Amino acid sequence: MLTKRIIPCLDIKDGRTVKGVNFIDLRDAGDPVELAEIYAKSGADELVFLDISATEEKRKTLANLVRRVAEKVNIPFTVGGGISSVEDVDILLKNGADKVSINSSAVKNPGLINELAAKFGSQCITVAIDAKQVNGEWLVHLVGGKIPTDINLFQWAKEVEERGAGEILFTSMNNDGTKAGFANEALAVLSSELNIPIIASGGAGNMQHFCDTFIEGKADAALAASVFHFKEIEIKDLKEELRRNGVEVRL
């Protein structure tokens, strides 16, 4: 059994780490480079940096932030936000990112996934999917969950895999920031239908939620932000609890 990964997510706005509920009411959570260093030392398996204002404000993700993080951490990290071309990805990977995450740009131009996978390898390409359950159907949403589409989550995830993505970061907009647990039913469907790793995101509130998403949701990794940023859960304690529940993790 492959070990499950714990991934702190740092939402970046104007160079600072922020956290809110459903991407609104944002509050400052500290310097991203300092937080990255702390997480790397405390047992995080990977990190994700999402420039949450990049797509909306049409800015490019800051390459110098990536460079500063790469100098300080020794674990893999993924960078997303406003990435829409081979050139964008090239800059980020050359500055030290291990992977990139694309979201809105992949929906608008699905061929970008093929292009990036062919150029950089599938292992570098994460496709983030934000979805919301609307009248019983999981529908993809864009721009931090602000813009609804009529695209079915599961059909889009399958297409993403076929186009060469190396993994999927699935955020349930219904659960995000609520601390009520992950969307395990949807995660279990994704995990059963796809052959690439699925990262669960949206809803972590306590250690049991992580156990549930690995056991019930069959997720390969779990991503969270505020429970880590505000010291509600320590990664070392979480991993020990997961081990006690029969979930394989790297200690």
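Residues numbered from 1 in each chain as written. Predicted model: local features only at pLDDT ≥ 70, side-chain atom pairs only at ≥ 80, totals over all residues. Heavy atoms only, no water.

### Topic: the overall build of the chain
Within the chain one finds 11 helices and 12 strands. For 251 residues, the compact-globule formula gives about 18 Å, and the C-alpha radius of gyration of the chain, at 16 Å, lands near that figure. Oriented by its inertia axes, the alpha-carbon framework of the chain measures out at about 45 × 40 × 35 Å. A total of 251 residues make up the chain; the buried ones form 56% of that total. Counting only contacts in the chain whose residues sit at least 6 apart along the sequence, the fraction spanning at least 24 positions is 65%. Counting only carbon and sulfur atoms, one obtains 49% of the accessible surface of the chain, whose full area is about 10700 Å². Here the chain carries 29 positive and 37 negative side-chain charges, and the mean point of each set is 4 Å from the other. (Helix = DSSP H or I, 4+ residues; strand = E, 2+ residues; numbered from the N terminus. Rg over C-alpha atoms; globule rule 2.2 N^0.38 Å. Buried < 20%, exposed > 50% of the residue type's maximum accessible area, 1.4 Å probe, protein only. Contact = heavy atoms within 4.5 Å. Areas by Shrake-Rupley, 256 points an atom, 1.4 Å probe, with all protein chains shown as cover. Lys, Arg positive; Asp, Glu negative; His and termini not counted. Charge placed at Lys NZ, Arg CZ, Asp CG, Glu CD.)

### What about the state of the cysteines?
According to the stated counting rule, one finds 0 disulfides in the structure shown. Its sulfur unpaired, cysteine 124 is 19 Å from the next cysteine sulfur, which belongs to cysteine 9. Here cysteine 124 falls in the buried class, since its relative accessible area comes to 11%. (Disulfide = S-S within 2.5 Å.)

### Topic: the UniProt feature "active site" (unreviewed entry) in the chain
When the UniProt feature table is mapped onto this chain numbering, "active site" (unreviewed entry) sits at Asp11 and Asp130. Tracing the backbone shows aspartate 11 in strand S1 (residues 5-13). With respect to the helices and strands, aspartate 130 occurs in strand S7 (residues 125-134). Those residues in contact with aspartate 130 that lie beyond four places of it in its chain are Asn103, Leu139, Val140, His141, Gly144, Gly145, Thr171 and Met173. A polar contact of 3.2 Å, which involves the side chain of aspartate 130, links it to the side chain of asparagine 103. (UniProt positions renumbered as here; feature names shortened; annotations may be inferred. Polar contact = N/O pair within 3.5 Å; in protein donor to acceptor, adjacent residues only side chain to side chain.)

### Here we look at the side chain of aspartate 31
Looking at the secondary structure, you find aspartate 31 in the loop between strand S3 (24-30) and helix H1 (32-41). Overall, the relative accessible area of 16% leaves aspartate 31 in the buried class. Here the side chain of aspartate 31 touches valine 33 through a polar contact of 3.2 Å, landing on its backbone nitrogen. Within the structure, the side chain of aspartate 31 is placed 2.9 Å from the backbone nitrogen of glutamate 34, a separation counted as a polar contact. Not counting residues up to four positions away in its chain, the partners in contact with aspartate 31 are Arg16, Thr17 and Arg68.

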